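Chains, contacts and geometry: an overview
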Amino acid sequence: MHEMFLAMSIVEQTRAAAAAEGADRVLEVEIEVGSLAGVMLESLEFCLEAAARSTPVADTDFRLLPVMASGRCSSCRNSFEVDSFFAPCPACGKVDLAITGGRELKIRSLTIED
Amino acid sequence: MCDSCDCGGHGEKVTFRKPGEVHGIPEQRSRTVRVEVDVLAKNEEISARNRAYFESNDILALNLVSSPGSGKTTILERTIRDMRGRTPMAVIEGDQQTLRDAERIGATGVEVVQVNTGAGCHLDGSMVHRAMHRLTLAPDSILFIENVGNLVCPAMFDLGEAAKVVIISVTEGEDKPQKYPQMFAAASLCLINKIDLLPHLDFDVGACREFAGQVNPKLEFIEISATTGEGMEGWYAWLNGRVGR
Ligand SMILES: Nc1nc2c(ncn2[C@@H]2O[C@H](COP(=O)(O)OP(=O)(O)OP(=O)(O)O)[C@@H](O)[C@H]2O)c(=O)[nH]1
Ligand SMILES: [Mg+2]
Ligand SMILES: [Zn+2]
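Note on numbering: residues in each chain are counted from 1, in written sequence order. Written order determines the labels here, with chains lettered from A and ligands numbered from 1. With pLDDT at 70 or above as the cut-off, local features in this predicted model cover only qualifying residues; side-chain atom pairs require 80 or more to be listed or tallied, and sums for whole chains, interfaces and linings still use all residues. Where side-chain values are given, they derive from all heavy atoms of the structure, hydrogens and water being excluded.

Let's shift gears to the coordination of the magnesium ion (ligand 2). Geometry reference: four tetrahedral donors at a metal, ideal angle 109.5 degrees. Six octahedral donors, ideal angles 90 or 180 degrees. Keep in mind that water is not among the atoms, so a site may look incomplete; donors are the N, O and S atoms within 2.8 Å of the metal, or 3.2 Å for Na, K and Ca. Here the magnesium ion (ligand 2) is held by the protein donor atoms Thr73 of chain B (OG1), Asp101 of chain B (OD) and Glu146 of chain B (OE), which lie 2.1 Å from it. Taking relative accessible area as the criterion, Asp101 of chain B reaches 12% and is therefore assigned buried. Only protein chains enter the accessibility calculation, which uses a 1.4 Å probe; a residue is then buried when its area is under 20% of its type maximum, exposed when over 50%, and partly exposed in between.

Written as structure tokens, this is what we have:
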């Protein structure tokens, strides 16, 4: 599904960022994946391997860092970690949630050799 | 770990030290740079350009999303036949294969471009951008973008639309909003289609609205039948309230 598209974007953006840094080799890439980003970690891992194959980043270690989503109860303003879009507030019990984090999919850092 | 022993692998650095020196000086070969690149940034950039174009030309662009077969094309066929003459309209059709939906829309007399995504399970900003160039988009018009039938991936890809319209038909489970929360969270309007079939099914409209409301309290609902036309005025009123503004 769309994980292949995302993997290809990550490979392309990694190469662009490495070129901008004048790097010879990319050892490691850290990628933050929010738990509500709509991305399956196993699937993305699999696709990254396929997308990187026979490119200059074929040996790069693409590390996926899961980021737990968080939300704020619109009713009592309590902030808490969530694992879905409709978790009840642990403080007041209402289901009235605004997601405040955990939808990101971003490349956080590159470890490179010059 | 490296492949041949338990040395701890990449983390371990070779060090060089003279007698008397307390700390080893790690060999500086690699460095880590923070980049903070949003993986979808490229799509967002193109979509932002689409959006700016739509807004400056008073084109109401709507991204229609649903599971396969919920009735997107049927809704568009009826909408176009009922609103033609009053509102200029154009359509971008997204499907993995075939020109079928574009042919159905073309038969109503409006301009349509079919995008075949092949293996792709969603439209993206660049596909819409390229399709736009093949259409004559009049000011104060509506551009309907029928996305690939799929409730997962299209939720992640902004096309530059003013709003996402999610369609669920009563032949599906009323718990769809819980199973596909991303999509229901991203939509502005939910069309509940095929209500002509309600007498034959035990689809609970109230429960469906409640599930969807938990994911997105701001979501609006209109119940329609694209085949009998029931409820369609509500949808037309929703469109008329937004077009040309
Ligand atoms: N009974 C009934 N059938 C409908 C209604 N709307 C659509 N259908 C039928 O549902 C089937 C699928 O409709 P389409 O309009 O092709 O659905 P779609 O969402 O465009 O499908 P894809 O493009 O393949 O994802 C067709 O057989 C339609 O005739 C409705 O309101 N009531
Ligand atoms: Mg269709
Ligand atoms: Zn609360």
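Now, onward.
What follows concerns the coordination of the zinc ion (ligand 3). Residue and element names in this part refer to chain A. The zinc ion (ligand 3) binds to the protein through Cys73 (SG), Cys76 (SG), Cys89 (SG) and Cys92 (SG), with metal-donor distances spanning 2.3 to 2.4 Å. Around the zinc ion (ligand 3) sit 4 donor atoms; with metal-centred angles ranging over 105 to 116°, the donor geometry is tetrahedral. All donors of the zinc ion (ligand 3) come from a single chain, and their spacing in sequence reads C-x2-C-x12-C-x2-C. Taken together, the residues Cys73 in strand E3 (residues 69-73) and Cys92 in the loop between strand E4 (79-82) and strand E5 (97-101) connect sequence positions 19 residues apart. Just to be clear on the cut-offs, tetrahedral is four donors with all angles between 85 and 135 degrees, square planar is four donors and octahedral six with opposite donors over 155 degrees apart and all others between 65 and 115, and anything else goes down as irregular. Numbering of helices and strands starts at the N terminus; helices are DSSP runs of H or I of at least 4 residues and strands are runs of E of at least 2.

In this structure, Leu6, Ile31, Leu44, Leu48, Phe62 and Leu110 of chain A are the most contacted members of the largest nonpolar core, which totals 30 residues. The set of elements that each furnish at least two residues to this core consists of helix H1 (2-20), strand E1 (25-34), helix H2 (41-52), strand E2 (61-67) and strand E6 (105-113) of chain A. With 6 residues, the single largest contributor to this core is H1 of chain A. Think of a nonpolar core as a cluster: buried Ala, Val, Leu, Ile, Met, Phe, Trp, Tyr and Cys residues, connected wherever their side-chain atoms sit within 4.5 Å. Formed by 29 residues, the second largest nonpolar core is a distinct cluster that contains Leu97 of chain A together with Ile168, Val170 and Ala187 of chain B.

In this section: the site of ligand 1. Residue and element names in this part refer to chain B. Proximity criterion: a residue is near a molecule or strand once any of its heavy atoms comes within 4 Å of it. Around ligand 1 there are 20 residues in total, and Lys72, Thr73, Thr74, Asp196 and Ala226 lie nearest to it. Between ligand 1 and Thr227, the relevant distance is 2.9 Å, taken from a nitrogen atom to a side-chain nitrogen or oxygen of the residue. Residue assignment for the shell around ligand 1 shows that the elements contributing at least two residues are helix H2 (72-83) and helix H3 (100-106). Among the elements that line the shell around ligand 1, the one with the most residues is H2, at 3 residues. By the criterion applied in these results, polar contacts are pairs of N or O atoms within 3.5 Å in which, for protein atoms, one can donate a hydrogen and the other can accept it, and in which residues neighboring in sequence qualify only through two side-chain atoms.

The strand order across the open sheet built from 4 strands is E2(A)-E1(A)-E6(A)-E3(B), with neighbouring strands paired in mixed fashion. Two strands in the sheet have a free side with no partner beyond their single neighbour: E2 of chain A together with strand E3 (30-38) of chain B. Ignoring strand direction, the axes of neighbouring strands in this sheet form an average angle of 20°. Two strands pair under a simple rule: DSSP has to find at least two bridges between them. Here E1 of chain A runs beside E6 of chain A; their pairing, made up of 8 bridges, is antiparallel. Directly across from Ile31 of chain A, in E6 of chain A, lies its bridge partner Ile107 of chain A. Where H1 of chain A meets the sheet, its contacts fall on E1, E2 and E6 of chain A together with E3 of chain B, and the angle it forms with E6 of chain A comes to roughly 45°. Angles shown run from 0 to 180 degrees and are taken between the N-to-C directions of axes, each axis being a line fitted to C-alpha atoms and, for helices, limited to the stretch in contact. In what follows, a contact means two residues having at least one pair of non-hydrogen atoms within 4.5 Å.

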